[in-house]
Amino acid sequence: MKNNKYSDSREKYLAEVCRQMIGPYENEEKLDVAPWDFYHTGMIWPAGEKVKLEDYDEDKEHDVEASDGFMDLANASHQGAIGFTCYVRKGITDASIELSWATYNEEKIDSKLFWIRVPFNRKLEFNILELDQTKPLIEVDNVTFRLKIKEAQDFLTLTFTLVNQKLKSSIYGDGVLYQTKIIFDTEYLIEAPVRNNITNNDPEFWQHELIYRDYVHFATGHGCAVEWDGIKPNSLRTSWMPESVVYKASPEIADLKNTKSLSMSFLGNSPKSDVIQELNHLPQLYDKWIKEQECSIEGILKSFDVDRRAKIKKVAFENIDNCVQHCNRIKEGINLLANNDKLFIAFQLANLAIQKNIELSVIKKGGDFNFEPRWRPFQLAFILLSTPSTVLEDHKDREIMELIWFPTGGGKTEAYLGLTALLIFYRYLIASSVEEAAGTAVITRYTLRLLTIQQFERAALMICAANIIKKQVPELQEYKDFDIGLFVGGGATPNSLQKAHDLLSMGSDEIETTSSSECLFNSESSPLPLMVIDEQIYNSPPTFLIGTVDKFANMPFTPEMGRLLGRNTKAAPLQLIIQDELHLISDALGTVTALFETAIDEIASINNKVKIVGSTATIRRAEVQVRKLFNRKSMQFPPPCLNVDDSYFYQSNKNDPGRLYVGVHAQGRSPKHTLSRLAANCFQATEYTEEQVRDSFYTLVMYFNSMRELGSSLLLLEDDVPKYLEVMAVDKGV
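Predicted, not measured: the structure shown is a model, and the values here were computed from it.

Remarks on the sheet that holds strand β2 (residues 81-89)
Point 1. The strand order across the open sheet formed by five strands is β5-β6-β7-β2-β9, and the pairing between neighbours is antiparallel. Taken across any chain shown, the strands that pair with only one partner, and hence form the sheet edges, are β5 (138-140) and β9 (219-222). Between one strand axis and the next, the sheet turns through 15° on average, direction left out of account.

Here's the deal with the nonpolar core
Looking at soluble globular proteins, one finds that nonpolar side chains tend to be buried together.
Point 1. Counting residues in each nonpolar core, the largest one holds 96 residues, and the members touching the most others are L279, Y286, F347, L384, F425, F544 and F649.
Point 2. For this core, the leading source of residues is helix α12 (residues 412-430), giving twelve residues.
Point 3. If near-sequence neighbours (up to four positions away) are discounted, F347 is found in contact with L267, V275, L279, L337, L380, L384 and L422.
Point 4. Listed in part, the 44 residues of the second largest apolar core include V17, C18, L236 and W240.

Section: the layout of surface pockets
Point 1. What the second largest pocket holds in volume is close to 1,500 Å³.
Point 2. Lining the second largest pocket are 34 residues, and of these L660, Y661, L700, V701 and Y703 lie nearest its centre.
Point 3. Contributions of two or more residues to the lining of the second largest pocket are made by α1 (5-21), α14 (449-470), β23 (659-662) and α19 (671-685).
Point 4. Residue classes in the lining of the second largest pocket are distributed as 24 nonpolar, seven polar and three charged.

Some points on the sheet that holds strand β1 (residues 30-31)
Point 1. Strand order in the open sheet formed by six strands is β1-β4-β3-β8-β11-β10, and the pairing between neighbours is antiparallel. Single-partner strands in this sheet number two, and they are β1 and β10 (225-227).

Structural notes on the packing of helix α9 (residues 309-339) against helix α11 (residues 377-391)
Point 1. Orientation of α9 relative to α11, taken along the N-to-C sense of each, is 70°, at an axis distance of 7 Å. Accordingly, the angle class assigned to the pair α9 and α11 is roughly perpendicular. With respect to the hand of their crossing, α9 and α11 are arranged in left-handed fashion. In this structure, α9 contributes H326, R329, I330, E332, G333, I334, L336 and L337 to the contact, and α11 contributes A381, L384, L385, P388, S389 and V391.
Point 2. Among the residues making up the contact of α9 with α11, the classes are represented as nine nonpolar, three polar and two charged.

Points about the environment of R398
Point 1. In this structure, R398 sits in the loop between α11 and β14 (401-405).
Point 2. The class of R398 is buried, set by a relative accessible area of 3%.
Point 3. The spatial distance from the C-alpha of R398 to the C-alpha of Q355 is 28 Å, given a sequence separation of 43 residues.
Point 4. If sequence neighbours within four positions are ignored, R398 has contacts with S389, T390, V391, L392, E393, Q575, K609, V610, K611 and R632.
Point 5. A distance of 2.6 Å separates a polar side-chain atom of R398 from the backbone oxygen of K609.

Looking at the pairing of strand β18 (residues 544-548)
Point 1. Counting buried residues along β18, five of its five residues qualify, which places the element largely inside the surrounding structure.
Point 2. Taking every second residue as pointing to the same face, both faces of β18 are buried, with F544, I546 and T548 on one and L545 and G547 on the other.
Point 3. Pairing of strand β15 (residues 442-446) with β18 involves five bridges; the strand directions are parallel. Residue V442 lies in a different strand from β18, and its bridge partner there is F544.

As for the pattern of salt bridges
Where charged atoms of side chains with opposite charge meet at close range, the side chains can pair.
Point 1. Using the criterion set out here, one finds 29 salt bridges in the structure.
Point 2. The partner of K166 in a salt bridge is D141, and the shortest N-O contact between them spans 3.6 Å. Note that K166 is positioned in the loop between β7 (155-164) and β8 (178-185) and D141 in the loop between β5 and β6 (143-151), a separation of 25 residues in sequence.
Point 3. Among the residues examined, K166 registers a relative accessible area of 12% and is labelled buried.
Point 4. You can call D141 exposed: its relative accessible area is 58%.
Point 5. The shortest N-O distance in the salt bridge between K611 and E402 comes to 2.9 Å. Of the two residues, K611 sits in strand β20 (residues 611-616) while E402 sits in strand β14, which places them 209 residues apart along the sequence.
Point 6. Given a relative accessible area of 0%, K611 falls into the buried group.

Here we look at the state of the cysteines
Point 1. Counted under the stated rule, the structure contains zero disulfides.
Point 2. No disulfide involves C18; its sulfur sits 10.0 Å from the nearest other cysteine sulfur, which is in C682.
Point 3. There is no disulfide at C327, and the cysteine sulfur nearest it, in C323, is 9.1 Å away.

With respect to the packing of aromatic side chains
Point 1. This model, assessed by the stated rule, comprises 31 aromatic pairs.
Point 2. Both rings, one in Y104 and one in Y178, keep their centres 5.1 Å apart while their planes meet at 90°; by these two values the pair is edge-to-face. Note that Y104 is positioned in strand β3 (residues 94-109) and Y178 in strand β8, a separation of 74 residues in sequence. Y178 carries the same exposure label as Y104, and that label is buried.
Point 3. On the basis of an interplanar angle of 65° and a centroid distance of 4.8 Å, the ring pair of Y286 and F649 is categorised as edge-to-face.

A word on empty space enclosed by the protein
Point 1. Per the counting criterion, the structure on display carries two cavities of 30 Å³ or more.
Point 2. Here the largest cavity is characterised by a volume of approximately 40 Å³.
Point 3. If you trace the largest cavity, you find it lined by E393, R398, P573, L574, A604, S605, I606, N607, N608 and K609.
Point 4. When the residues that make up the lining of the largest cavity are grouped by side-chain class, the tally is four nonpolar, three polar and three charged.
Point 5. Put simply, the second largest cavity is a space of about 30 Å³.
Point 6. For the second largest cavity, the full set of lining residues is T413, Y416, L417, T444, Y446, Q455, A459, F544 and I546.

Examining the side chain of K551
Point 1. Within the secondary structure, K551 is located in the loop between β18 and β19 (576-579).
Point 2. Judged by relative accessible area, which is 7%, K551 ranks as buried.
Point 3. Residue contacts for K551: discarding those within four places in its chain leaves F487, V488, G489, N495, D534 and M561.

Examining α19
Point 1. Its 15 residues place the ends of α19 20 Å apart at the C-alpha level, agreeing with the 21 Å of an ideal helix rising 1.5 Å per residue.
Point 2. Those residues of α19 not exposed but buried are T674, S676, R677, A679, A680, N681, C682, Q684 and A685.
Point 3. Residues of α19 that are buried make contact with α1, α2 (35-38) and α20 (707-727).

So, the environment of P657
Point 1. With respect to the secondary-structure elements, P657 resides in the loop between β22 (651-653) and β23.
Point 2. On a C-alpha basis, the gap between P657 and K248 in space is 8.2 Å, while along the polypeptide they are 409 residues apart.

Structural notes on the packing of helix α7 (residues 281-295) against α9
Point 1. Where α7 contacts α9, the axes come no closer than 10 Å and their chain directions differ by 170°. Taken together, the axis directions place α7 and α9 in an arrangement best described as roughly antiparallel. Residues P283, Y286, D287, I290, Q293 and E294 of α7 form the contact with α9, whose participating residues are F317, I320, C323, V324, H326, C327, I330, K331 and I334.
Point 2. Across the contact of α7 with α9, the residue classes tally to ten nonpolar, two polar and three charged.

Observations concerning a nonpolar patch on the surface
Point 1. A cluster of nonpolar residues, M707, L710 and L714, forms a patch on the protein surface that exposes about 310 Å² of accessible area.
Point 2. Note that L710 resides in helix α20.
Point 3. The class of L710 is partly exposed, set by a relative accessible area of 35%.

Parameters and conventions
Residues numbered from 1 in each chain as written. Predicted model: local features only at pLDDT ≥ 70, side-chain atom pairs only at ≥ 80, totals over all residues. Heavy atoms only, no water. Pairing = 2+ DSSP bridges. Helix = DSSP H or I, 4+ residues; strand = E, 2+ residues; numbered from the N terminus. Axes fitted to C-alpha atoms, helices over the stretch in contact; angles between N-to-C directions. Core = buried A, V, L, I, M, F, W, Y, C linked by side-chain atoms within 4.5 Å. Buried < 20%, exposed > 50% of the residue type's maximum accessible area, 1.4 Å probe, protein only. Contact = heavy atoms within 4.5 Å. 1 Å grid on protein atoms, 1.4 Å probe; cavity = no way out; pocket = protein on both sides within 12 Å on 5 of 7 lines; lining within 4 Å. Points joined across faces, edges and corners; volume = space filled by probe spheres on them. Nonpolar A, V, L, I, M, F, W, Y, C, P; charged D, E, K, R; others polar. Parallel < 35°, antiparallel > 145°, perpendicular 65-115°, else oblique. Left-handed = near helix turned anticlockwise from the far one by under 90°. Polar contact = N/O pair within 3.5 Å; in protein donor to acceptor, adjacent residues only side chain to side chain. Salt bridge = Lys/Arg side-chain N within 4 Å of Asp/Glu carboxyl O. Disulfide = S-S within 2.5 Å. Phe/Tyr/Trp six-rings, centres within 6.5 Å; stacked < 30°, edge-to-face > 60°. Expected span 1.5 Å × (residues − 1). Patch = residues over 30% accessible without salt bridge, like charges linked within 9 Å, V, L, I, M, F, W, Y side chains within 5 Å. Areas by Shrake-Rupley, 256 points an atom, 1.4 Å probe, with all protein chains shown as cover.

Here it is in structure tokens:
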């Protein structure tokens with residue numbers, strides 16, 4: 001992984017947060033604040049005298065005396081122990097363990113109270129085969145460190161436990177261990193054994209076993225986390241603030257980087273033969289990659305136990321077959337473009353529209369449009385494989401829900417906007433009359449109103465771009481301009497024209513209208529193609545409708561809504577439904593939504609089923625969820641193959657630092673108190689970053705489960721964070 005100035009600053013930022021939350025702030029430390037107040041985590045409190053050797057004996061778990069054993073202490077509010085369990089190969093002899101902690105002795109200096117840090121550090125090398133398990137490895141001042149060994153068929157299970165057995169005192173904070181840490185070094189570490197689960201017939205379980213095989217587990221923490229480096233570590237260490245990196249998705253394919261296959265300008269302006277030739281590179285390369293993956297299966301199987309290989313082999317070849325099926329569907333889409341002139345024209349116009357959309361977006365943000373827009377490979381592949389079943393009502397895949405699965409920010413929206421642009425142009429090109437071309441062709445729905453409005457802006461820009469391209473096509477001039485409607489309810493937009501008139505009249509003094517000659521939609525004859533009023537949407541259904549899921553619950557009470565689904569109109573029926581953020585439709589919302597989906601599917605499917613496309617950034621059991629919501633099969637794209645980090649259209653980019661997730665183990669502390677301390681420490685840690693990137697660390701974004709939690713936390717943050725910042729220890733010059 002290549003570090004950069006941002007990741008270097010992130011390391012300094014996190015180091016400072018750990019120093020403030022766990023300590024020590026200085027190695028030779030003299031605090032004028034009690035250490036249990038100065039630090040927030042990393043403490044082991046006195047457990048008292050009830051902890052006995054027999055409490056660690058799993059054979060005596062039925063004994064009443066064992067109820068105050070190690071795990072109870074590790075999980076207690078004021079925890080009295082930490083430890084971890086790991087696994088090593090038989091034959092291990094030498095190993096080493098390093099223990100460290102600190103205590104703080106209370107001293108009065110010049111009539112002022114201070115707490116002086118007293119560190120403890122010991123490294124012990126030992127022979128596991130000669131170990132006497134009846135005695136502690138280390139016992140210092142009523143702090144005991146033990147190792148329990150359990151023998152399995154071909155490996156040993158090692159459980160290390162560190163227990164603070166000091167007597168509990170009436171003096172708060174007396175006898176607490178701070179900055180506790182255990183490091184275990186050996187070259188014999190093996191991954192944690194897993195149950196063979198042979199009786200588990202869930203295909204998704206075995207698929208995850210296959211594709212996540214490199215993400216192995218080496219240790220389990222007790223009252224703490226355990227960290228290691230790499231996929232073959234020789235060292236384990238306990239942690240109070242564990243870290244995990246999620247690498248950014250790279251959608252690039254090296255073999256397509258310097259080709260014209262992804263160029264929107266080339267695809268939108270070149271002769272058909274040249275375009276088809278370039279498009280064919282995509283399935284050809286994908287097919288070659290699939291065959292290479294198939295050849296690697298036998299080698300992959302060797303990394304699994306013999307009794308699990310049959311299940312893994314089955315799911316591996318199923319994944320290969322699924323990839324082949326998607327590759328064939330991409331080829332089918334290209335062949336359809338080659339044999340259908342009007343569809344090919346629609347494809348070219350869609351490319352030009354998305355290119356113009358990107359240009360408008362750049363200009364809107366104040367940038368310079370000085371580059372050539374290109375598709376990401378998965379976007380173009382998705383459009384190609386979805387096109388046949390989207391434009392052909394009797395296609396065999398019409399009832400399959402196409403599900404785009406890609407990480408947030410990867411370009412899912414542009415993929416289905418590209419498909420939308422192709423569809424609306426094709427709808428106009430094959431229409432036999434102006435009336436047939438009109439009406440709603442595409443509906444997109446979201447679960448959150450804010451998200452709906454945000455995506456409406458992006459889709460509206462695409463519709464404006466499509467209209468600019470449409471004006472350049474003589475045979476489309478008789479049709480109305482494409483338009484888009486926002487369908488979210490009276491809380492955000494007025495339901496009737498009269499209400500809109502009343503609202504405008506009430507605020508007439510504040511309303512300003514502007515017109516610019518640079519804007520192509522600046523007059524009554526060429527207005528912005530936007531609708532936000534329900535009555536207007538019912539009277540003249542827009543080409544593209546964006547709304548919330550709950551808005552369609554009004555169907556039984558609003559007969560006019562049937563016009564949006566192709567009923568009581570001369571227009572062609574609704575052809576495409578896009579369900580974005582599919583993972584948000586679950587639990588009670590999913591139950592209610594599924595009821596209405598049954599009605600929508602029936603109403604919209606006049607001659608044939610309407611096509612449904614979904615997108616999500618994170619989902620499990622998609623097949624089951626889609627079946628319960630839409631009563632349809634689903635096909636995920638890009639499909640998984642043999643490794644979660646590489647599906648050809650998606651690769652984990654491990655050359656860049658990625659997103660760092662950090663947990664805080666604050667057992668016994670209130671969540672709100674922890675939030676305030678952590679926020680203050682994060683603000684202070686910003687001062688330790690490089691000045692040129694510091695602005696990126698200044699803002700803290702916090703998420704809450706409810707408005708109630710947000711409100712109470714806001715008051716706490718406003719009150720406590722400034723106080724913490726005032727008393728926080730700061731290095732000189734910071």
